[in-house]
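# Structure at a glance
Here is how the chains run, residue by residue.
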Amino acid sequence: MTQPIELYFWPTPNGLKISIALEEMDLPYVLKPVAIGKGDQFKPGFMAISPNNRMPAIIDPEGPGGQPISVFESAAILQYLGRKTGRFYPSDERQRIEVDEWLIWQVANVGPMFGQASHFRNYAPNLVDDPGRIAYAVTRYNNEVNRLLGVMELRLADRDFLAGDYSIADIATYPWVKIAHVFNQDMANFPQVQAWIDRIAARPAVKKGAAAGAELRRRPPAPGSAEQKQAAKALFGQTATSVRDAVKSNQ
Ligand SMILES: N[C@@H](CCC(=O)N[C@@H](CS)C(=O)NCC(=O)O)C(=O)O
């Protein structure tokens, strides 16, 4: 019997990429929650498989040669799962390069820029004390979100998916882009992107994967609340020293 893949996960866009992929690929999996607002990402057991103290990560008990393997970084995980199953990741080299381009476009652009837009919108401490001071950052990252939606709008003008057939590039991009409206984006300006979102959202496996860990999900904590302070302590102001200390205190 196939042993389930362990998915180290929290229900954020980066985590949901992998639950969606596992559903699409019909691979059995178990969720291993990593409560990033509480500092689980610094636990030595997790750091051993994800040394950048970020989720998602996976352990596949039946990796290459039938032996266990761990993988961190969502793009590496998606490529691994695509190669393992032969699904949503073409084997033809030209088609594969196109998928890689858009997959890496996602992890190098969409994730970081949407992530920073979310940070300054939901977490930056000056939001409470002095909202004017972070206006530049909010504008900067919302503009980047807007620019990236524009890139997608052009790309999708004459195709249904980012790179050939529906692929791991779409799976990686979907959980971030479907929440673009949160960053003051008017999706009426991006009809091709909205149609792409609707096309992907209608897939049964996407519905299932996007609901993974629903019981763990909460609204971003209110600015200034105790919960926000705990999350801010775990998540922000990380330095080499603070990460090393957090790992030590979890030993
Ligand atoms: N490039 C990474 C990004 C992963 C990432 O940023 N994960 C965030 C949650 S969305 C995280 O684990 N944060 C924990 C922390 O900041 O300490 C990937 O694509 O896997």
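Residues numbered from 1 in each chain as written. Predicted model: local features only at pLDDT ≥ 70, side-chain atom pairs only at ≥ 80, totals over all residues.

Turning our attention to helix α3 (residues 74–85). Because each turn of an α-helix spans 3.6 residues, side chains separated by three or four positions in sequence point in the same direction. Its twelve residues place the ends of α3 16 Å apart at the C-alpha level, agreeing with the 16 Å of an ideal helix rising 1.5 Å per residue. For α3, the complete set of buried residues consists of S74, I77, L78, L81 and G82. What you see down the axis of α3 is that its buried residues fit within an arc of 130°, all on one side. In this structure, the buried side of α3 is in contact with α1 (13–24), β3 (57–60), β4 (69–72), α4 (93–122) and α7 (168–177). (Helix = DSSP H or I, 4+ residues; strand = E, 2+ residues; numbered from the N terminus. Expected span 1.5 Å × (residues − 1). Buried ≥ 20, exposed ≤ 12 C-beta atoms within 10 Å, placed from the backbone. Arc of directions from axis to C-beta. Contact = placed C-beta atoms within 7 Å.)

Right, let's get into unusual backbone geometry. With an omega of 10°, the peptide bond between M55 and P56 qualifies as cis. When you line up the elements, P56 lands in the loop between α2 (44–49) and β3. Within the chain, F88 stands out as a residue other than glycine whose phi angle is a positive 60°. Position of F88 relative to the elements: it lies in the loop between α3 and α4. Of the residues examined, F88 has 19 C-beta atoms within 10 Å and is grouped as partly exposed.

Here L31 lies in strand β2 (residues 29–33). By C-beta crowding, L31 is classed as partly exposed, having 19 other C-beta atoms within 10 Å. Distance from L31 to F9, taken between C-alpha atoms, is 6.4 Å for residues 22 residues apart in sequence. Each residue touching L31, except ones within four places of it in the same chain, is listed here: L7, F9, A212 and G213.

Turning our attention to the site of the ligand. In the neighbourhood of the ligand, 13 residues make up the surrounding shell, with T12, N14, I36, R54 and S74 lying closest. Residue classes in the shell around the ligand are distributed as five nonpolar, six polar and two charged. (Near = placed C-beta within 6 Å. Nonpolar A, V, L, I, M, F, W, Y, C, P; charged D, E, K, R; others polar.)

Take the pairing of β2 next. Regular strands place side chains that alternate from one sheet face to the opposite one. In this structure, strand β1 (residues 5–9) lies alongside β2, joined through five bridges in parallel fashion. When the bridges of β2 are listed, I5 appears paired with Y29. Between the parallel pair β1 and β2, the chain is carried across by α1, and the sense of this crossover is right-handed. (Pairing = 2+ DSSP bridges. Right-handed = clockwise from strand over helix to strand, strands pointing away.)

With that out of the way, let us pick up the nonpolar core. Formed by 55 residues in total, the largest nonpolar core has its most connected members in A21, V145 and I168. Here the element with the most residues in this core is α4; it accounts for nine residues. Residue assignment places this core across two domains, with domain 1 (5–88 + 210–245) and domain 2 (93–203) each supplying three or more. If sequence neighbours within four positions are ignored, A21 has contacts with L78, L81, I168 and I171. (Core = buried A, V, L, I, M, F, W, Y, C linked by C-beta atoms within 7 Å. Domains from an automatic or database assignment.)

Turning next to the environment of Y174. Summarising the element assignment, Y174 is placed in helix α7. Residue class for Y174 comes out buried when judged on the 25 C-beta atoms lying within 10 Å of it. The sequence separation of Y174 and V206 amounts to 32 residues, and the corresponding C-alpha distance is 9.5 Å.

Turning our attention to the packing of α3 against α7. Where α3 meets α7, the axes come as close as 10 Å, and the angle between the chain directions of the two elements is 145°. Crossing angle aside, the handedness with which α3 passes α7 is right-handed. Across the interface between the two elements, S74, A75, L78, Q79 and G82 from α3 touch I168, I171 and A172 from α7. Among the residues forming the contact of α3 with α7, the class breakdown is five nonpolar, three polar and no charged. (Axes fitted to C-alpha atoms, helices over the stretch in contact; angles between N-to-C directions. Left-handed = near helix turned anticlockwise from the far one by under 90°.)

Here we come to the domain arrangement of the protein chain. Where interface size is given, it is often the accessible area lost as the parts come together that is meant. The assigned domain composition of the protein chain is domain 1 (5–88 + 210–245) and domain 2 (93–203). Relative to domain 2, the C-alpha centre of domain 1 lies at a distance of 20 Å. Listed as interface residues are 19 residues of domain 1 and, on the opposing side, 17 residues of domain 2. Secondary-structure elements contributing two or more residues to the side of domain 1 that touches domain 2 are α1 and α3. Taken together, the residues of the side of domain 1 that touches domain 2 break down into twelve nonpolar, five polar and two charged.

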